Amino acid sequence: MIKPEISVSSEVVRQDVLHTLFVEGKENSIDPIALSDLLPNEIRVKPFGPSFYITAAAEALVKEHPNYYFLIDRDHHDDDFIQNCWDHFPDPDKANLLVWFRRELENYFIIPEYLLKSQYLVKSEDELRTLILNLCSERLFFDAANLVIIQIREELKENWIRLFTDVSEFNTEQNAINKLKDRQEFDQYKRKFSQLVGNKRLENRFSSVLDRITGGKEQIEYGCGKWLEMIKGKAVLPTVINLCFRVRDARGNSLQGRMRINEVVKDLVRKPFEKQPDDFKRLYNVINDRIAE
């Protein structure tokens, strides 16, 4: 369950904890701020930069630091990979890595039903839902095209050619050049690249991504497709918070920008456990179970 209220700050409590969760972003970004309040006091939440830093660290440190855990945005990962991460966490033979099911952590904070629980909301439910729908509609084709690029970029990262192994075959400059020219993998890679970026293939990829986002509809609508999961939440959330929420400091001054976003986020993750999104409950439980071992 969600941790009880205490009289000292979570940072004080976490000074000597054994468990650490590394997340994307910087000190004042949404990931460490939200998860520090959401998770048990027995775990320290630390920002670690972009996802590729975190993934590399997760793979490198799993043996030496089994109590280090890593959480990243979805990026290019598919459902099977993500589900496997959660089902086998922590895995001593692999990286202690978790991946959000939605595109980014911010995507959980554009769920209308979740935002409606905030004390800082100043718009009606209809106004909130309409704004989120409109903002995501404006990004529909842009985000779908970028998701196609992310797919292709990841597919091209595979180790498609091995290094040479016999030094004796490279006794002259010309021998080395000939060896390079003889590698069939270069031609194979050209053909694969051509297939990946061919006009028809790009159209099919884009249509597939778009159908997944919209659920096959011409326009996005609530209850259809995965647009709330797949549209770039980082781009949508600031406008939603700016137009629909008001937060004041102790002097009555209205907070702006990042400070307002952070306060709304903290207000939401401090709500009772049963009011949290399912993935937040899942994260809390897997971390809490690990700490309790």
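About the thresholds
Residues numbered from 1 in each chain as written. Predicted model: local features only at pLDDT ≥ 70, side-chain atom pairs only at ≥ 80, totals over all residues. Heavy atoms only, no water. Helix = DSSP H or I, 4+ residues; strand = E, 2+ residues; numbered from the N terminus. Buried < 20%, exposed > 50% of the residue type's maximum accessible area, 1.4 Å probe, protein only. Contact = heavy atoms within 4.5 Å. Areas by Shrake-Rupley, 256 points an atom, 1.4 Å probe, with all protein chains shown as cover. Lys, Arg positive; Asp, Glu negative; His and termini not counted. Charge placed at Lys NZ, Arg CZ, Asp CG, Glu CD. Expected span 1.5 Å × (residues − 1). Arc of directions from axis to C-beta. Patch = residues over 30% accessible without salt bridge, like charges linked within 9 Å, V, L, I, M, F, W, Y side chains within 5 Å. Salt bridge = Lys/Arg side-chain N within 4 Å of Asp/Glu carboxyl O. Axes fitted to C-alpha atoms, helices over the stretch in contact; angles between N-to-C directions. Parallel < 35°, antiparallel > 145°, perpendicular 65-115°, else oblique. Nonpolar A, V, L, I, M, F, W, Y, C, P; charged D, E, K, R; others polar. pLDDT = per-residue confidence, 0-100. Core = buried A, V, L, I, M, F, W, Y, C linked by side-chain atoms within 4.5 Å.

### Focus: the overall build of the protein chain
Inference 1: Within the protein chain, the secondary structure is distributed over 14 helices and four strands.
Inference 2: Structurally, the protein chain occupies a C-alpha span of about 75 × 50 × 35 Å along its principal axes.
Inference 3: Per-residue burial over the protein chain gives 42% buried out of 293 residues.
Inference 4: Considering only residue pairs separated by 6 or more positions, the protein chain has 69% of its internal contacts joining residues 24 or more positions apart.
Inference 5: If you sum the accessible surface of the protein chain, you get close to 16,700 Å²; carbon and sulfur atoms cover 50% of it.
Inference 6: Averaging the locations of the 43 positively and 48 negatively charged side chains of the protein chain gives two centres separated by 3 Å.

### Some remarks on the environment of N41
Inference 1: Along the polypeptide, N41 turns up in the loop between helix 2 (30–38) and strand 2 (43–47).
Inference 2: A residue is classified by how much of its surface remains accessible, and N41, at 11% relative accessible area, is buried.

### Examining helix 6 (residues 125–138)
Inference 1: Here helix 6 contains 14 residues, and its C-alpha end-to-end distance of 20 Å stays within 8% of the 20 Å for a straight helix at 1.5 Å per residue.
Inference 2: Listed as buried for helix 6 are L128, R129, L131, I132, L135 and C136. Buried residues along helix 6 cover an arc of 160 degrees about the axis, so they all sit on one side. Exposed residues on helix 6 whose side chains face more than 90 degrees from its buried face are D126 and E138.
Inference 3: Buried residues along helix 6 sit against helix 5 (112–115), helix 7 (140–155), helix 11 (227–230) and helix 12 (233–244).

### Some remarks on a nonpolar patch on the surface
Inference 1: Taken together, the side chains of F48, F52 and Y53 define a hydrophobic patch exposed on the protein surface, amounting to about 330 Å² of accessible area.
Inference 2: Mapped onto the elements, Y53 comes out in helix 3 (residues 51–61).
Inference 3: Look at Y53 and you get partly exposed, because its relative accessible area is 47%.

### Some points on helix 10 (residues 199–214)
Inference 1: Here helix 10 spans 22 Å end to end across 16 residues, near enough to the 22 Å set by a 1.5 Å rise per residue.
Inference 2: Among the residues making up helix 10, those that are buried are R205, V209, L210, I213 and T214. Within helix 10, the buried residues cover an arc of 150 degrees as seen down the axis, which keeps them to one side.
Inference 3: Structurally, helix 10 contributes buried residues whose contacts are with helix 7, helix 9 (184–197) and helix 11.
Inference 4: Positive backbone phi, at 75 degrees, marks G215, one or two positions downstream of helix 10.

### Here we look at the pattern of salt bridges
Inference 1: One pass over the full model with this rule turns up 17 salt bridges.
Inference 2: Across the pair K266 and E263 runs a salt bridge, and its minimum N-O distance is 3.0 Å. Here K266 and its partner E263 are both found in helix 13 (residues 257–269), three residues apart, which amounts to about one turn of the helix.
Inference 3: Salt-bridge contacts for K281 lead to D278; the nearest nitrogen and oxygen are separated by 4.0 Å. Here the residue K281 and the residue D278 both occupy positions in helix 14 (residues 278–292), the gap between them amounting to three residues, near one helical turn.
Inference 4: Because the salt bridges share partners, they merge into one network encompassing D73, E104, E106, K232 and K234.

### A short note on the packing of helix 12 against helix 13
How two helices pack is summed up by the angle between their axes together with the distance between the axes.
Inference 1: Where helix 12 contacts helix 13, the two axes come as close as 10 Å, and the packing angle between them is 85 degrees. The pairing of helix 12 with helix 13 is recorded here as roughly perpendicular in orientation. Residue-level inspection shows L237, P238, I241 and N242 of helix 12 in contact with helix 13, the latter providing R260, I261 and V264.
Inference 2: Partitioning the contact of helix 12 with helix 13 into residue classes produces five nonpolar, one polar and one charged.

### Brief notes about the confidence of the model for the protein chain
Inference 1: When the pLDDT values of the protein chain are averaged, the result is 90; 94% of them are 70 or greater.
Inference 2: Overall, residues 1–15 carries pLDDT values under 50, and its contacts beyond four positions in sequence, including any with other chains, amount to 26 contacts.

### A short note on the nonpolar core
Inference 1: Core analysis: the biggest nonpolar cluster contains 76 residues, and L35, F109, F245 and L283 have the highest contact counts within it.
Inference 2: In this structure, F109 is in contact with I30, A34, Y114, L115, L237, V265, L268, V269 and F280, ignoring residues within four places of it in sequence.

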